[in-house]
Amino acid sequence: MRRISRKLADRSPVNVAFFVRDSEKWNMEGLYELLLRDPRFSPRLVVFPYRLLNDTPVLEDYERNLKFFRRIDSSAVGMLLKNGWSKSMRALRREFAADIVFYQQPWIQDQNLWEASRWSWNVYTHYAYTVNYAPKIQYFKDNFHEFLHIYFCQSETHRRIHIEARPEHADKLDVAGYPKFDGVRKTFSPLLKKSDDGQTRLVIYAPHHSIGRNNSFRLSTFDWNRLEIFALAKAHKEINWIYRPHPTLKYAVENCGLMSTSDYMRYESQWTNLPNARVSHGGNYMEMFFSSHALITDCGSFLGEYMLTGRPLIRLISRNDPVKPNEVGERIDAACYRVHSIEELEAVFQQVVIHGDDPLRDRRLELRDALFPLEQDSAQEIVNALLRRFRNGS
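Residues numbered from 1 in each chain as written. Predicted model: local features only at pLDDT ≥ 70, side-chain atom pairs only at ≥ 80, totals over all residues. Heavy atoms only, no water.

Asks: Which residues make up the overall build of the protein chain, and what values do they have?
Replies: Counting its secondary structure elements, the protein chain contains 17 helices and 13 strands. Computed over the C-alpha atoms, the radius of gyration of the protein chain is 21 Å, within 12% of the 21 Å expected from 2.2 N^0.38 for a compact globule of 394 residues. In terms of its C-alpha atoms, the protein chain occupies a principal-axis envelope of roughly 65 × 50 × 40 Å. Out of the 394 residues in the protein chain, the part that is buried amounts to 59%. Sequence separation of 24 or more characterises 72% of the internal contacts of the protein chain that already satisfy a separation of 6 or more. Surface accessibility of the protein chain: about 17600 Å² in total, with carbon and sulfur atoms responsible for 48%. Separation between the mean location of the 55 positive side-chain charges and that of the 49 negative ones in the protein chain comes to 5 Å. (Helix = DSSP H or I, 4+ residues; strand = E, 2+ residues; numbered from the N terminus. Rg over C-alpha atoms; globule rule 2.2 N^0.38 Å. Buried < 20%, exposed > 50% of the residue type's maximum accessible area, 1.4 Å probe, protein only. Contact = heavy atoms within 4.5 Å. Areas by Shrake-Rupley, 256 points an atom, 1.4 Å probe, with all protein chains shown as cover. Lys, Arg positive; Asp, Glu negative; His and termini not counted. Charge placed at Lys NZ, Arg CZ, Asp CG, Glu CD.)

Asks: Help me get a handle on the packing of helix 9 (residues 222–235) against helix 11 (residues 261–273), residues and values and all.
Replies: Taken N-terminus to C-terminus, the directions of helix 9 and helix 11 make an angle of 25°; their axes are 10 Å apart at the nearest point. By the angle between their axes, helix 9 is roughly parallel relative to helix 11. In the crossing of helix 9 with helix 11, the sense of the turn from one axis to the other is left-handed. Between helix 9 and helix 11, the residues in contact are Phe 222, Arg 226, Leu 227, Ile 229, Phe 230 and Ala 233 and Tyr 264, Tyr 267, Gln 270 and Trp 271, respectively. In terms of residue class, the contact of helix 9 with helix 11 is built from eight nonpolar, one polar and one charged. (Axes fitted to C-alpha atoms, helices over the stretch in contact; angles between N-to-C directions. Parallel < 35°, antiparallel > 145°, perpendicular 65-115°, else oblique. Left-handed = near helix turned anticlockwise from the far one by under 90°. Nonpolar A, V, L, I, M, F, W, Y, C, P; charged D, E, K, R; others polar.)

Asks: Can you break down the sheet that holds strand 10 (residues 277–279) residue by residue, with the values?
Replies: Pairing is parallel across the open sheet formed by six strands, whose spatial order is 10-9-8-11-12-13. One side of each edge strand has no neighbouring strand; the edge strands of this open sheet are strand 10 and strand 13 (337–339). If you compare each strand with its neighbour and ignore which way they point, the axes differ by 20° on average. Here strand 8 (residues 202–206) runs beside strand 11 (residues 294–297); their pairing, made up of four bridges, is parallel. Looking at strand 11, one finds that Val 203 is bridged to Ala 294. (Pairing = 2+ DSSP bridges.)

Asks: Requested: an account of empty space enclosed by the protein, with residues and values cited.
Replies: Applying the stated rule across the entire model yields seven cavities of 30 Å³ or more. Size it by volume and the largest cavity reaches roughly 130 Å³. In terms of lining residues, the largest cavity is bounded by 14 residues, among which Thr 130, Tyr 139, Tyr 151, His 158 and His 162 are the most central. If you list the elements that add at least two residues to the lining of the largest cavity, you get strand 6 (150–153) and helix 7 (156–165). (1 Å grid on protein atoms, 1.4 Å probe; cavity = no way out; pocket = protein on both sides within 12 Å on 5 of 7 lines; lining within 4 Å. Points joined across faces, edges and corners; volume = space filled by probe spheres on them.)

Next comes the structure, spelled out in structure tokens:
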């Protein structure tokens, strides 16, 4: 804290590292660009690998993500060594001595918050828009939350829920909104009108990875609808489709015994081979959302993120006792078309997508305006909060 305060007083740049892994979960580009323009800060991206359960790094995913992040920051640090290990925190410090570290997610196996906290301030804002209540993961993750110095919440409601679960965190919490939403409605809203001007309708199918009862979230419905939704896309050639899976779904299906990785890749290639469909991976998907006409999903965060479009949300409901929504999630859930079976999905699809009968439209638009202000600048809120804390010594 004192070192950062001295740097600010001396007008020396404060080094800020972003520990990242998945391009799909990148939501801090606005903050990174703001820090890049501010002479008080020197930001750098640090890219970690995804590891399988046996600790083997997935080179294909790592190289794809490293390429994505180096388009944002050409000096991004790649953490994976040729021997399959990752650089130590000490080695990273010799390469880039971070004063502040922003963590993309708790799930990066090789990040060491305890060691980083010896010389850096650990900061977190959730990579996903939080609509579920899973306190063990959201507030009690081992070797993560206990070593955070600042946690940026997405709303006053999220802050209150956090304090109810962990009152001792109250002094760590600041409200800053959701960085991925900065400028999104202003930038992409023209696409809504454009997509209505006689263009072929576009539907996104986005399955989550949390398959089976052993997963903490248990949101996935992939076990009972993956083939039927593909058949729906194949049958409706008058509609364009995008298959947008969670980045770890291909590993989850094998871990739970539903499919082998090769079987899953064959399933994904079937989507690629459909003349009216394509597969989407990687970050920066908000433009895709605003170009579409409906979302079919069992994901959590996508419910909040897609709500910005005002388009119909068809929510697939898990049969495996899914995690309960938080207060924000309950409001969003009430504006979704909830389906529990293929029969319900086909009925809602015919009503809402094919015939355009959308009785929840006004509820969605009202909720969107209530939850997500048109003028939001989370990046600036985060910078302001950091400066307040370091100047006040708190």
